[in-house]
Amino acid sequence: MAAHRYWRAVSLQAYGVGGLELSEFQLLAGTTRVDAAAALTASTAPASGTLANLKDDALGTGAAWPAADLKTLVLTWDLGAGGAQDVSDVRLGAMADRSKFLMSFKLQFSDDALAWSDSFVFAGITWPGANTKTSSVLDDSGSKTVTLLHFNGANGATTFTDEKGKAYTAAGNAQLTTASPIFIGASLLLDGAGDWVQTTTGLTDFAFGTGDFIVECRFKTTANRAQCLIDFYVNNGSGYAWQLWLNSQSIPEFYRGGPLSGAVITGKSAVTASDPVRHVAVVRRSGRLMMFVDRAFVAAVDGDTTDYTNTGAGQLAIGAQVGVRNASYDFAGQIDEVRIVKGSAGTWRASDFSIGADVEYDLFDKSLVARSAPVRAAQWTPVGAGPAISYGRVAVAAFARGRKDYQTGVLGEGIGRVRGYTLDYVNPLNKPYPCRVVLIREAGNLPLREQWSKADGSYDFQFVDELQSYTVIAYYLAHGKRAVVTDGLTLANGKVELMP
């Protein structure tokens, strides 16, 4: 992205409902702070503190705004004539009240302070602690990606575009299908009898050595047996080769071949033909090998130093074991979003593969504030717009590129819990009162779930987004449907709990 003179933060949302309070709001280009000499202005003056406090690098002073001002609050930085910068990161300073820390905002840029363009949305920023600044890590999996296949195209097409430019060709009847694809558009269709896609170029990109890597894909199978997903396997030579497959129990497994063949890491449960779309990712970072299945961590091997230097397979194949040909492992079904990363493994993605929805990856590097998710702004949806939430799996093409599903309001990891009791408010007072209870996401006033409280009056909404603010409405049917409303339920005030 290019350098620009003007930058601004809009659509600011705090964790709680008591307003916003920050001790610092700094702009960075890479790792270099660039806002120190900038003129910082606000559309609404802070109710306490000063804007200068957001630039002084002193964490004991700050600026605060009431909740009512956040709807229209805009913070703008003018870097001055000749001072244009490509802002790629921020540092936020927290005060003592976690509920008033900034949870999300959108960063925009301009060259004239009149026409503004979207840069990133930072969502789900973790509170760093009282009087402490956030820190960032670089998700460099974009620039480290060595192959990325979206399998988009016309139905029946046999042309497969790799975002990194490698030439992939079809074997057998391998083709794209638009019939019930994994994403809206198309997926790779394989019939399990001699079909695969392969490349013979740039094979050293798949020889990871002892370094970091990511190997992942999404798939839906029509067979209950051993099948190969991504193959770079050979069973001889001086170095190791690898393969991602479903083993004889149909469990996802990362397998090595060469001097000593065998499983390196294995998942926990089998994949079946009746399953919906599945996602598997194998990540090595700093010697720790991890497997994630359907965005959940399932296994790890510490101290993995397997040296993947063997390119004797002669090709990277998708959907079949080709290097040491075994037709019984041919994959039957659909495969999509094949991504291989060599090097550093993307600090952010390796530390947490818990994404809110299936996303189509890109080749961008991103700075991540604590555990926030900067979303590609072209697909940004403001908080409160209230798009329908995704129940189950949703196929999405050209989706906003980010870890959390900001489009549907999922900012956390889905490990929250909202529970309580419905008690009668007429005589006899506080007697358990079973009734209909509805959980509302306050961003967009979106009804998420409902249930009937039990005989003891208890209700329990489990595995909700822990970073949202909620309202609970209980309908007392025997009292003329007069509802009892409890609002402002957040993690910060203890009304949203974390699942054990």
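Residues numbered from 1 in each chain as written. Predicted model: local features only at pLDDT ≥ 70, side-chain atom pairs only at ≥ 80, totals over all residues. Heavy atoms only, no water.

Undergrad: Outline the overall build of the chain, listing residues and values.
TA: Tallying secondary structure elements over the chain gives three helices and 36 strands in all. Relative to its 500 residues, the chain shows a buried fraction of 54%. Considering only contacts in the chain between residues 6 or more positions apart, those separated by 24 or more positions represent 68%. Put simply, the chain shows about 19,400 Å² of open surface, and 52% of that area lies on carbon and sulfur atoms. (Helix = DSSP H or I, 4+ residues; strand = E, 2+ residues; numbered from the N terminus. Buried < 20%, exposed > 50% of the residue type's maximum accessible area, 1.4 Å probe, protein only. Contact = heavy atoms within 4.5 Å. Areas by Shrake-Rupley, 256 points an atom, 1.4 Å probe, with all protein chains shown as cover.)

Undergrad: Account for the sheet that holds strand β33 (residues 458-464), naming residues and giving values.
TA: The strands that make up a sheet pair up through hydrogen bonds in the backbone, lying either parallel or antiparallel. Taking strand neighbours across the sheet as the criterion, the three strands line up as β33-β30-β36 in an open arrangement whose pairing is antiparallel. If you trace the sheet from one side to the other, it starts and ends with β33 and β36 (497-498), each paired once. Alignment of strand β30 (residues 416-421) against β33, held across six bridges, turns out to be antiparallel. Looking at the pairing, G416 lines up with V464 of β33. (Pairing = 2+ DSSP bridges.)

Undergrad: Now, about a nonpolar patch on the surface: what can you tell me, with residues and values included?
TA: Residues Y425, V426 and V484 make up a contiguous nonpolar surface patch of roughly 190 Å² in combined accessible area. By secondary structure assignment, the location of V484 is in strand β35 (residues 482-489). The exposure class of V484 is partly exposed, given its relative accessible area of 31%. (Patch = residues over 30% accessible without salt bridge, like charges linked within 9 Å, V, L, I, M, F, W, Y side chains within 5 Å. Salt bridge = Lys/Arg side-chain N within 4 Å of Asp/Glu carboxyl O.)

Undergrad: Any chance you could break down the nonpolar core for me, citing the residues and the numbers?
TA: Counting residues in each nonpolar core, the largest one holds 44 residues, and the members touching the most others are L229, I230, W242, F254 and I335. Sorting elements by how many residues they give to this core places strand β18 (residues 213-221) first, with four residues. The residues contacting I335, other than those within four sequence positions of it, are F151, I182, S187, L188, L190, C217, R218, F219, L229, I318 and G319. If you look at the next biggest cluster of nonpolar residues, it comprises 38 residues, including Y15, L73, V121 and F122. (Core = buried A, V, L, I, M, F, W, Y, C linked by side-chain atoms within 4.5 Å.)

Undergrad: So, unusual backbone geometry: which residues are in play, and what are the values?
TA: At D57, a residue that is not glycine, the phi angle is positive and equals roughly 60 degrees. You will see that N430, though not glycine, has its phi angle at about 65 degrees, which is positive. Take N430: it is sitting in the loop between β30 and β31 (436-441). The class for N430 is exposed, based on a relative accessible area of 56%.

Undergrad: Could you give an account of the confidence of the model for the chain, naming the residues involved and the relevant values?
TA: Here the chain averages 85 in pLDDT, while 85% of its residues score no lower than 70. With pLDDT under 50 throughout, residues 348-359 is counted as low confidence; its partners more than four residues away or in other chains account for 55 contacts. Per-residue pLDDT stays below 50 along residues 370-407; that stretch engages in 122 contacts with residues further than four places along the chain or on separate chains. (pLDDT = per-residue confidence, 0-100.)

Undergrad: Please provide a residue-by-residue account of the sheet that holds strand β21 (residues 252-257), values included.
TA: Strand order in the open sheet formed by eight strands is β13-β14-β17-β26-β19-β20-β21-β22, and the pairing between neighbours is antiparallel. Strand pairing shows two members of the sheet lacking a second neighbour, β13 (160-161) and β22 (262-266), which therefore form its edges. As judged from the three bridges shared by strand β17 (residues 196-199) and strand β26 (residues 316-318), these two strands associate in the antiparallel manner. Note on β26: the bridge partner recorded for V197 is I318.

Undergrad: Explain the pattern of salt bridges residue by residue, including any values.
TA: Tallied over the full model, the rule gives 15 salt bridges. Across the pair R91 and D89 runs a salt bridge whose closest N-O atoms are separated by 3.0 Å. Look at D89 and you get buried, because its relative accessible area is 2%. Where D294 meets R278, a salt bridge forms, and the shortest distance between an N and an O atom there is 2.6 Å. Here the residue D294 occupies a position in the loop between β24 (288-293) and β25 (296-301), and R278 occupies one in strand β23 (residues 278-285), the gap between them amounting to 16 residues. The buried category is assigned to R278, whose relative accessible area is 11%. Within the structure, one salt-bridge network assembled from shared partners comprises D275, R278 and D294.

Undergrad: So what about the packing of aromatic side chains? Which residues, and what values?
TA: Under the defined criterion, the tally for this structure stands at 21 aromatic pairs. Between the aromatic rings of F208 and W242, the centroid separation amounts to 5.4 Å while the plane-to-plane angle is 20 degrees, which identifies the pairing as stacked. Of the two residues, F208 sits in the loop between β17 and β18 while W242 sits in strand β20 (residues 241-246), which places them 34 residues apart along the sequence. Taken as a pair, F208 and W242 share a single burial class, namely buried. Seen in terms of ring centroids, F232 and W242 are 5.9 Å apart; in terms of plane orientation they differ by 50 degrees. Their pairing is tilted. Taken together, the positions of F232 in strand β19 (residues 227-232) and W242 in strand β20 put the pair 10 residues apart, joining distant regions of the chain. (Phe/Tyr/Trp six-rings, centres within 6.5 Å; stacked < 30°, edge-to-face > 60°.)

Undergrad: Help me get a handle on the side chain of D35, residues and values and all.
TA: Along the polypeptide, D35 turns up in the loop between β3 (32-33) and β4 (39-42). In terms of polar contacts, D35 uses its side chain to reach the backbone amide nitrogen of L27, at 3.1 Å. In terms of polar contacts, D35 uses its side chain to reach the side chain of R33, at 2.7 Å. What D35 contacts, discounting residues up to four positions off in sequence, is F25, Q26, L27, K55, W77 and L79. (Polar contact = N/O pair within 3.5 Å; in protein donor to acceptor, adjacent residues only side chain to side chain.)

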